[in-house]
Amino acid sequence: EEPVEVPIHWSTKLIKALAITRMPFLSAVLMPAFIGAAFSAVYLLPEGAAFPWLHFALATLGVALLHLGSNVMNDYFDVKDGTDGLNNDYFLQFSGGSRAIELGLISLEGTKHLGLALMGAAFLIGIYLTVQTGWITLIIGLSGAAIGYLYTAPPVRLVARHGLGELGISLAFGPLVTGGVVYVMTQQLDAMAFLIGLPVGLLTANILLINEFPDAASDAQTGKNHLVVTFGKEKSTYIYLGILLTAFIVNMAVALLLPATNPWLIGVSVAFLLAGIFIYRHIRVHYQDRELVTSNKNTI
């Protein structure tokens, strides 16, 4: 009955932070940031101009903080409205959010404070970049933040709006990031800067979609009417294919519309389409059983 001080190694604390924030999913927002920076460097920055490392680094850090803050706030609202509590059909790491609150890694109130702190830090970075580059930076940043926060936050709760959640994520994790990074680096609003982000945004929407399959039954009980709840699992497999094909078509259009046709980009587009078709065939066979987890991983 005596109190015991259990030594906790720093690596355990790191794993705890990774679990609470779902940090491994940062690639979904970092990739479009890198794409936007590459587009700026190759096509928009004047020849011989220095690469604006500070603006790029701050913009990338800002979108990363927004993503982590949105993840944490999504967990907060999913637990608060009972969605995660009803999901007792555990599906490895792809079911029912991070489970950080249920596992006692953080309290419900602690989750809210952490999420708001992360988003607040992103807002401060956004204010600085707005002062340096212009008010358009603030509009783009606030648009992405609103989509991330309102994805599960009432009363808007985009995830319950029969596809608006997936649409919002495809914009927030694609065109808004690439367009925003390009604007911060060049102070130019370029249509192509937004178009180049659409394929990766659509592929991120497919990550969201495939992870909705194991949660569909419990999500339906709390009105979380995403695409899989709205259309059912079988029809949603075709939605997955449609999103994949749309991403391919847009990527091919980008390859052809750039000032110089890029054969590497065409090759990458074809390669990811073939990989996607391979995943889709697995989904069609296993969309109702636990073997689907292979496609969850491969989609990511």
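Scroll up a little and you will see the structure.
Quick look at the structure, then.

### Description of the packing of aromatic side chains
Next, step 1: Counted according to the given criterion, the structure contains eight aromatic pairs.
Next, step 2: Ring geometry for Phe-39 and Tyr-43: centres 5.4 Å apart, planes at 40 degrees, overall tilted. Placement of the pair is Phe-39 and Tyr-43 together in helix H2 (residues 27–44), with a separation of four residues, close to one helical turn.
Next, step 3: Judged by relative accessible area, Phe-39 falls into the buried class, the value being 8%.
Next, step 4: Three or more aromatic residues joined by ring pairs make a cluster, and in this case those are Phe-34, Phe-51, Trp-53 and Phe-56.

### Thoughts on the environment of Arg-22
Next, step 1: Among the secondary structure elements, Arg-22 is positioned in the loop between helix H1 (10–21) and H2.
Next, step 2: Separated by 78 residues in sequence, Arg-22 and Ala-100 have C-alpha atoms that sit 9.5 Å apart.
Next, step 3: Contacts of Arg-22, omitting those with residues within four sequence positions, involve Asn-71, Asn-74, Asp-75, Gly-97 and Ser-98.

### Description of the nonpolar core
Next, step 1: Formed by 35 residues in total, the largest nonpolar core has its most connected members in Val-29, Leu-129, Phe-173 and Val-181.
Next, step 2: Taken together, the elements giving at least two residues each to this core come down to H2, helix H3 (53–80), helix H5 (108–133), helix H6 (135–150), helix H7 (164–172) and helix H8 (175–186).
Next, step 3: Setting aside its immediate chain neighbours within four residues, Phe-173 contacts Ala-28, Val-29, Pro-32, His-67, Val-200, Gly-201 and Thr-204.
Next, step 4: If you look at the next biggest cluster of nonpolar residues, it comprises 20 residues, including Val-228, Tyr-240, Leu-241 and Ile-243.

Each value, and the rule that gives it
- Residues numbered from 1 in each chain as written.
- Predicted model: local features only at pLDDT ≥ 70, side-chain atom pairs only at ≥ 80, totals over all residues.
- Heavy atoms only, no water.
- Phe/Tyr/Trp six-rings, centres within 6.5 Å; stacked < 30°, edge-to-face > 60°.
- Helix = DSSP H or I, 4+ residues; strand = E, 2+ residues; numbered from the N terminus.
- Buried < 20%, exposed > 50% of the residue type's maximum accessible area, 1.4 Å probe, protein only.
- Contact = heavy atoms within 4.5 Å.
- Core = buried A, V, L, I, M, F, W, Y, C linked by side-chain atoms within 4.5 Å.

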